[in-house]
Amino acid sequence: LTPRHPPLVGVAAPVHPPPTPPPPPHMRPLLDLLLASLLASASATTSSIALRTTDTRQPDGCTGPRPRWGTSLCWYNVERSPLLTNVTWLHVPKCGSSFARLVFRGACGAVPANKTHVDFVEASAMHPIIQLHCKSAFHRFQSWHAALSPSEASRCGRGLVCVTTLRTTWKRVESGFHHNLHDCQWMQDAHRLNQDYGPKSGRPSFYSFYTEDHVRLYASCVSTCMTRMLTGLPCGRCSGTLSRAQAARCVERVWSDAFSGIEASAGEGGSAALNISDYVRFASRTRSKRADPLHDPDPPPDTRRAMRTLSRFAFVGLLDNWSWTVHQFGRRFGVPLLPSDYKVLRAGSKSRSSSPRQKMAEQTLRAFSFAADDALVSATSDSLGVHRRLQSQQTQMRIAWLEIPHYSEGYYDALQQPLSRLGHRVDELRAPTQRGFGPGVLATKLRGMDLAVVGFGWFPQEGGPFTRLHEFQRSCAASHRVRLEAAGEFESTTRRACLCGTVPLVVILNKEYASLADKMAWVREHCVAAAFSVHHDAPTFAQMTGVDFHHIPFGVDFSRFARGQRAEAGRAVSDGYAYDLGFTGVIRPDQTANWRYRIWRSAWPILAERGLRLYSGGEGGVGLGRRHKSVGPKEYVAKMQASKVWLATTGPADLVGTRYSEIMATGTTLCVCNRLHGNATAAYARLGLVEGRHVVMFDSLEEFVEVVTNYTRRPEYERRRLAIIRRAQALARRRLSWRQVAASVDAVLQGVARGGRGALR
């Protein structure tokens, strides 16, 4: 490694002989059987079994044999026959061994006799009880992390009750990193962190000198752990018995995925080859079997297959939302829950007081791309309904979505369906004309509604006048008071005619670059409880109106745009693309620095002369002014996915449009965009966009031409391009999907409905 990167293998070779290896896995069932027979003879007259270590203190209610085993569990009484049969527990590393206790209780119908002393359950320690009292409950229940075999995967939902828990990927990887590089065997061996080394472990030395490079390499090793286990592969990449050649190819892939796209990163320089050789040596150690030369130890992650398998699981929980997971499990299988079930009984290995080194590891992992496993976590979050009812204060709401007739625009109606999936009833009320609703219509339609939302489509035109909501105008109550006070009818009539203070009104601003003063005046004239804006100057809008403005990004529909097989695979791809550079859309002079026009007129012909394959939507696909020929939705997505690079520039008022999130979501296409300066940099910062990590940027026509040429024609840039694409897709999935945007909107709406100002800023 260069001086910036100290050697990855930093522990000196031991002078003592290697330790005796542990018993092979095939001996474990025999040991379990021997222990079961011993316990059966010791507890033949009782329906309870106590498993306890030889601690000096024995909690109240604990009696019986106390074998040496990895648990201090005390008295499980098996009260009735199994509730479930053929349960298959997929134990994903660092995803909640506490779930084993819940699964055991649910399947075997077991409860702790001493409810004040309930400890972590080691699954292997439960085998004696299972053999004696609920043998038919489990098909598989083990402490180690075996992948789901193809036969088991095919039988999930067809005879096997498959269950598991997942976890936000970067948190899972962080926990594993601080737990002896969990499940990356060749890194464990290289740094002497495998438990086989016992007192000769390299743990004290390693955790005092590790660097960001170690974190990245480990993250690359276990980045697709959940996906691999669901498709029959071990958690860590380059696992199993490998030949020297197989190990070399595999470790080089892991190394490349860890450091691709990083300037002067690990993997460059003479000393890097020596370290790779060290890792290869440990990855190719001969074990009990001969290496299969036809076996690929590191195939691309098959996310679709993993998704299909996961969809057949009877239950999938999330450690990040443990209380909700426990509640759903009890409800799904009819398990009477105890207060102790909601406790996470096995803490991770990271110390509570984070050191600067640990903070560095966390920041590195937060920025790392885990596209395949993040997709599984996202799907699990949807199926669990985590975003629906995470807090007891959250309630299902009846939302009136107010619109006026407008032309079709993809994002105008994008939030309604995700909000409905969060458990709310969203009823669209569309005015018959641009003049809005007739007298008294809203007073009748909004009866029983929790709040009203003015959607994107209420401001479809760039110039005013803008349609007013007379029932929500601040002048409404005052004018009625003057007219009706004399007749003594103010109380009843005003409430029917004016909705200020009766139904909260929330506004989503649109096209902030045009007639902004008129739109701010519209907000001030109405009884607006909260407002949203996609512009980064949302706090300024709050000062102009006195209304709380919250920033939200333009989202993206992943089901339309995401493909991502190239990005997930992390392999260099030289074919399969029909175009090198693509762009369609409108060109207008008020866009940032007029970049689109300058590129279209000057840089586009230069790139064409260099032989680049350019796509611009055919004749009229790029239009000067406000009107241009619209490309069909399916063609637009297909052409974008078929392009190596796609151009996106900020619009008027430096607005970051929908195209950014759409390109990033594909998983196939690199986003090239203009660089911002000064206060405008907040537009990218609010989205988490970092140059060189999620997008590539330019500041001149010459730089644009050079960047596009490098990333489309030079092979040495291909891995870097794919690395940026992977990170961009992961960021878009975490922050820019319409589901995530809807969750942010929901947090504000919940606060408004409760009479507050919402939780988001």
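As shown above, the structure is provided for reference.
Visitor: Got a minute to help me understand helix α13 (residues 322-333) in this structure?
Guide: Every α-helix winds through 3.6 residues per turn, so residues three or four apart in the chain are directed the same way. End to end, α13 covers 17 Å across twelve residues, agreeing with the expected 16 Å (1.5 Å per residue, within 8%). By the burial criterion, the buried members of α13 are Trp322, Trp324, Thr325, Val326, Gln328, Phe329, Gly330 and Phe333. A positive backbone phi angle near 70° is found at Gly334, which sits one or two residues after α13.

Visitor: What exactly am I supposed to notice about the pairing of strand β11 (residues 505-508) here?
Guide: For a regular strand, side chains alternate in direction, first toward one face of the sheet and then toward the other. Burial of the side chains of β11 extends over both faces: Leu505 and Val507 are buried on one face and Val506 and Ile508 on the other. Here three bridges tie strand β10 (residues 451-454) to β11, and the two strands are oriented parallel to one another. Bridging across to β11, Val454 finds its partner in Val507. You can see the chain leave β11, run along helix α20 (residues 516-525) and come back into strand β12 (residues 528-533), and the turn it takes is right-handed.

Visitor: Is there a simple way to think about the sheet that holds strand β13 (residues 549-551) in this case?
Guide: Note on sheets: strands pair through backbone hydrogen bonds, and any given pair is parallel or antiparallel. Spatially, six strands are ordered β9-β8-β10-β11-β12-β13 in an open sheet, and the strand pairing comes out parallel. In this open sheet, the two edge strands, each paired with only one partner strand, are β9 (425-430) and β13. For this sheet, the mean angle separating the axes of adjacent strands, direction not counted, is 25°. Helix α21 (residues 538-545) contacts β12 and β13 of the sheet and is inclined by roughly 170° relative to β13. Sitting on the sheet, helix α30 (residues 738-753) is in contact with β8 (398-403), β10, β11, β12 and β13, with an inclination near 170° to β12.

Visitor: Would you mind showing me how to read the packing of helix α24 (residues 595-609) against helix α28 (residues 701-713) here?
Guide: The angle between the axes and the distance between the axes are what describe a pair of packed helices. For the pair α24 and α28, interaxial distance at closest approach is 10 Å and the crossing angle is 55°. Between α24 and α28, the interaxial angle falls into the category oblique. Seen along the crossing, α24 lies across α28 with a hand that is right-handed. Here α24 contributes Trp595, Arg598, Ile599, Ser602, Ala603, Ile606 and Leu607 to the contact with α28, which in turn contributes Leu701, Phe704, Val705, Val708 and Thr709. Tallied by class, residues from the contact of α24 with α28 come to nine nonpolar, two polar and one charged.

Visitor: Just checking my understanding: could you explain the pairing of strand β3 (residues 87-90) for this structure?
Guide: Residues Val87 and Trp89 point to one face of β3 and Thr88 and Leu90 to the other, with burial holding for every one of them. The sheet contact formed by β3 and strand β6 (residues 161-166) spans four bridges and is parallel. The residue bridging Trp89 from the neighbouring strand is Val163, located in β6.

Visitor: It is not clear to me how the state of the cysteines should be interpreted in this structure. Could you clarify?
Guide: Note on terminology: a disulfide is the covalent bond linking the sulfur atoms of two cysteines. One pass over the full model with this rule turns up five disulfides. The residue that forms a disulfide with Cys156 is Cys162, at a sulfur-sulfur distance of 2.0 Å. With the S-S bond torsion at -85°, the cross-link from Cys156 to Cys162 turns out left-handed. The pair Cys156 / Cys162 is uniform in exposure class, with both members buried. Take Cys671: it sits in no disulfide, and the sulfur closest to it among the cysteines is that of Cys673, at 4.7 Å.

Each value, and the rule that gives it
- Residues numbered from 1 in each chain as written.
- Predicted model: local features only at pLDDT ≥ 70, side-chain atom pairs only at ≥ 80, totals over all residues.
- Heavy atoms only, no water.
- Helix = DSSP H or I, 4+ residues; strand = E, 2+ residues; numbered from the N terminus.
- Expected span 1.5 Å × (residues − 1).
- Buried < 20%, exposed > 50% of the residue type's maximum accessible area, 1.4 Å probe, protein only.
- Pairing = 2+ DSSP bridges.
- Right-handed = clockwise from strand over helix to strand, strands pointing away.
- Axes fitted to C-alpha atoms, helices over the stretch in contact; angles between N-to-C directions.
- Contact = heavy atoms within 4.5 Å.
- Parallel < 35°, antiparallel > 145°, perpendicular 65-115°, else oblique.
- Left-handed = near helix turned anticlockwise from the far one by under 90°.
- Nonpolar A, V, L, I, M, F, W, Y, C, P; charged D, E, K, R; others polar.
- Disulfide = S-S within 2.5 Å.

The values reported here are purely geometric and, on their own, carry no functional implication.
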